[in-house]
Amino acid sequence: MRKSSCLLLLAAATALLYACSQPGKEKITLAVIPKGTTHSFWQSVHAGAVKAGRELGIEIVWVGPEREDARQQQIGIVDNQVINQVSGIILAPLDDVALRRPAKAAADKNIPVVIFDSDLQDSEAFTVSFVATDNYAGGQLAGKHLGEMLGGQGRVIMLRYAEGSASTEKREAGFLDAIAAYPGITVVSADQYAGPTATSGQQASENLLLRFKDAQGKLTVDGIFTPNESSTFGMLQALRRNRLTGTVRFIGFDASAPLVEALANEEINGLVVQNPFNMGYLSVKTMFDHLHGRPVEKRIDTGVAFVSRANMNAPEIQQLIKPDLSQWLN
């Protein structure tokens, strides 16, 4: 009995050792590092990542800076995940230059990197894939619709988001290129920045609006574009505070509950909406496929749509602007 028991134990140990040595048998842990953790956009990304993680049977570590200007904090988070020897890093870089070093360092240590939402400079040389909205096309969509709303005539201001944010810089470029197709429209300001929060965005918006008021307190501009959730909400609050909502055509970017409500109330005239849930889901799925030796696309477009009061109740739009995240983030 002793001999047979020993043989059984030896066989079990050998089988366990063999199983652990097989590719794809180890527990996969992926670190998903967003630009921030407070905006509803990132919560949707988180939910999509969790959904993919559950379907694929892998662990998702969600960790990111609270503020979207904390570059050094995000660099430290990436470095820590390399030390933790995660299976892969999925990163939305706060800065297209500053985050390049830690991302490349991870790749050099055989920890693959998928970039999402906002690109790094020269990322294709060392990353697995870039999963994101076609941000330039999204900006063009905003410019086209604002130009049509204004009938091709008027004065427009654009409040930028933050220097070094590749995603919003492309939206801003797309907007300016599209609005240039309307020779009767003049962009009278495009060099001011909202900053990383809705609070900083509101302050920047207050300052910008003040420059374009006449003696009676009325705006001397006809259209406004803001390129992300926090800048859009900041501008909305500034317009409300100055009792100017509805007096100007206003197109923003991204959807949160307050912005969707403002769209329904015609305080905002249109929102360019991404699919952050799909972005989180596809980022995890792409990394999973790469880890299992499957070919993946170097660039994956997660989609963009223009939402107005006219189409906001369509079922496909409702899925974008009012996603049910509770089943993934409870």
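Going by the structure above, here's the rest.
Remember, predicted model here, so these are calculated numbers, not experimental data.

**Notes on helix α10 (residues 276-291)**
Right, on to step 1. The terminal C-alpha atoms of α10 lie 23 Å apart, and with 16 residues this matches the ideal 22 Å at 1.5 Å per residue to within 8%.
Right, on to step 2. Listing the buried residues of α10 in full gives Pro276, Met279, Gly280, Tyr281, Ser283, Val284, Thr286, Met287, Phe288 and Asp289.
Right, on to step 3. Just downstream of α10 lies glycine 293, where phi reads positive at about 75°.

**Some thoughts on the packing of aromatic side chains**
Right, on to step 1. Following the criterion strictly, the structure yields four aromatic pairs and no others.
Right, on to step 2. Pairing phenylalanine 41 with tryptophan 42 gives two aromatic rings, centres 4.8 Å apart and planes at 90°, and the pair type is edge-to-face.
Right, on to step 3. Centroid distance tryptophan 42 to phenylalanine 116: 6.3 Å. Interplanar angle 75°. Geometry classified as edge-to-face. In this pair, tryptophan 42 sits in helix α2 (residues 40-56) while phenylalanine 116 sits in strand β4 (residues 113-116), placing the two residues 74 residues apart along the sequence.
Right, on to step 4. Taking the relative accessible area as the measure of exposure, phenylalanine 116 reaches 1% and is therefore buried.
Right, on to step 5. By way of ring pairs, the aromatic residues Phe41, Trp42 and Phe116 are connected into one cluster.

**Things to note about the nonpolar core**
Right, on to step 1. If you look at the biggest cluster of nonpolar residues, it comprises 30 residues, and the most contacted ones within it are Leu209, Ile224, Met235, Leu239, Ile268 and Ile321.
Right, on to step 2. When residues of this core are traced back to their parent elements, those giving at least two are β6 (154-160), α7 (198-211), α8 (229-241), α9 (257-264), β10 (270-274), β12 (304-307) and α11 (315-321).
Right, on to step 3. Non-local contacts of methionine 235, meaning those with residues more than four positions away in its chain, are made with Leu159, Gly201, Ser205, Leu208, Leu209, Ile224, Thr226 and Phe250.

**Re empty space enclosed by the protein**
Right, on to step 1. Within this structure, the stated rule accounts for three cavities of 30 Å³ or more.
Right, on to step 2. Roughly 120 Å³ of volume is contained in the largest cavity.
Right, on to step 3. Lining the largest cavity are 16 residues, with Trp42, Glu68, Arg171, Asn228 and Asp254 positioned closest to its centre.
Right, on to step 4. Contributing elements (two or more residues each) for the lining of the largest cavity: α2, α6 (166-179) and α8.
Right, on to step 5. Element by element, the count of residues in the lining of the largest cavity is highest for α6, at three residues.
Right, on to step 6. Partitioning the lining of the largest cavity into residue classes produces three nonpolar, seven polar and six charged.
Right, on to step 7. Of the pockets and cavities examined, the second largest cavity occupies roughly 40 Å³.

**Digging into the pairing of strand β3 (residues 88-91)**
Right, on to step 1. Here β3 shows no split at all, with Gly88 and Ile90 on one side and Ile89 and Leu91 on the other all buried.
Right, on to step 2. Judged from the four bridges that link them, strand β1 (residues 29-33) and β3 form a sheet pairing that is parallel. Bridge pairing in β3 links valine 32 to isoleucine 90.
Right, on to step 3. Of the strand pairs in this sheet, β3 and β4 are connected by three bridges, and their pairing is parallel. Among the inter-strand pairings, isoleucine 90 is bridged to a residue of β4, identified as valine 114.
Right, on to step 4. Between β3 and its parallel partner β4, the chain crosses via helix α4 (residues 100-108), and the hand of that crossover is right-handed.

**Details of the layout of surface pockets**
Rolled over the atoms, a probe with the dimensions of a water molecule shows which regions are left empty.
Right, on to step 1. Considering only enclosed or pocket space, the largest pocket measures out at about 220 Å³ in volume.
Right, on to step 2. What lines the largest pocket is a set of 17 residues, and nearest its centre among them are Ser40, Ala255, Ser256, Ile321 and Pro323.
Right, on to step 3. Residue assignment for the lining of the largest pocket shows that the elements contributing at least two residues are α2, α9, β10 and α11.
Right, on to step 4. A class-by-class count of the residues in the lining of the largest pocket yields ten nonpolar, four polar and three charged.

**Describing the sheet that holds β4**
Right, on to step 1. The sheet built from six strands is open, its strands ordered β2-β1-β3-β4-β5-β11 with parallel pairing. The sheet is open, and its two edges are formed by β2 (59-62) and β11 (299-301), each paired on a single side. In this sheet, adjacent strand axes meet at a mean angle of 20° when their direction is disregarded.
Right, on to step 2. Sheet analysis places β1 next to β2, joined by four bridges and oriented parallel. By the bridge assignment, leucine 30 is partnered in β2 with isoleucine 60.

**Brief notes about the packing of helix α3 (residues 71-83) against α4**
Right, on to step 1. Where α3 contacts α4, the axes come no closer than 9 Å and their chain directions differ by 10°. The angle between α3 and α4 falls in the class roughly parallel. Here Ile75, Val78, Asp79 and Val82 of α3 come into contact with α4, specifically with Arg101, Pro102, Ala103 and Ala106.
Right, on to step 2. Its residues assigned to classes, the contact of α3 with α4 comprises six nonpolar, no polar and two charged.

Conventions adopted
Residues numbered from 1 in each chain as written. Predicted model: local features only at pLDDT ≥ 70, side-chain atom pairs only at ≥ 80, totals over all residues. Heavy atoms only, no water. Helix = DSSP H or I, 4+ residues; strand = E, 2+ residues; numbered from the N terminus. Expected span 1.5 Å × (residues − 1). Buried < 20%, exposed > 50% of the residue type's maximum accessible area, 1.4 Å probe, protein only. Phe/Tyr/Trp six-rings, centres within 6.5 Å; stacked < 30°, edge-to-face > 60°. Core = buried A, V, L, I, M, F, W, Y, C linked by side-chain atoms within 4.5 Å. Contact = heavy atoms within 4.5 Å. 1 Å grid on protein atoms, 1.4 Å probe; cavity = no way out; pocket = protein on both sides within 12 Å on 5 of 7 lines; lining within 4 Å. Points joined across faces, edges and corners; volume = space filled by probe spheres on them. Nonpolar A, V, L, I, M, F, W, Y, C, P; charged D, E, K, R; others polar. Pairing = 2+ DSSP bridges. Right-handed = clockwise from strand over helix to strand, strands pointing away. Axes fitted to C-alpha atoms, helices over the stretch in contact; angles between N-to-C directions. Parallel < 35°, antiparallel > 145°, perpendicular 65-115°, else oblique.

Worth remembering: the numbers are spatial, not functional.
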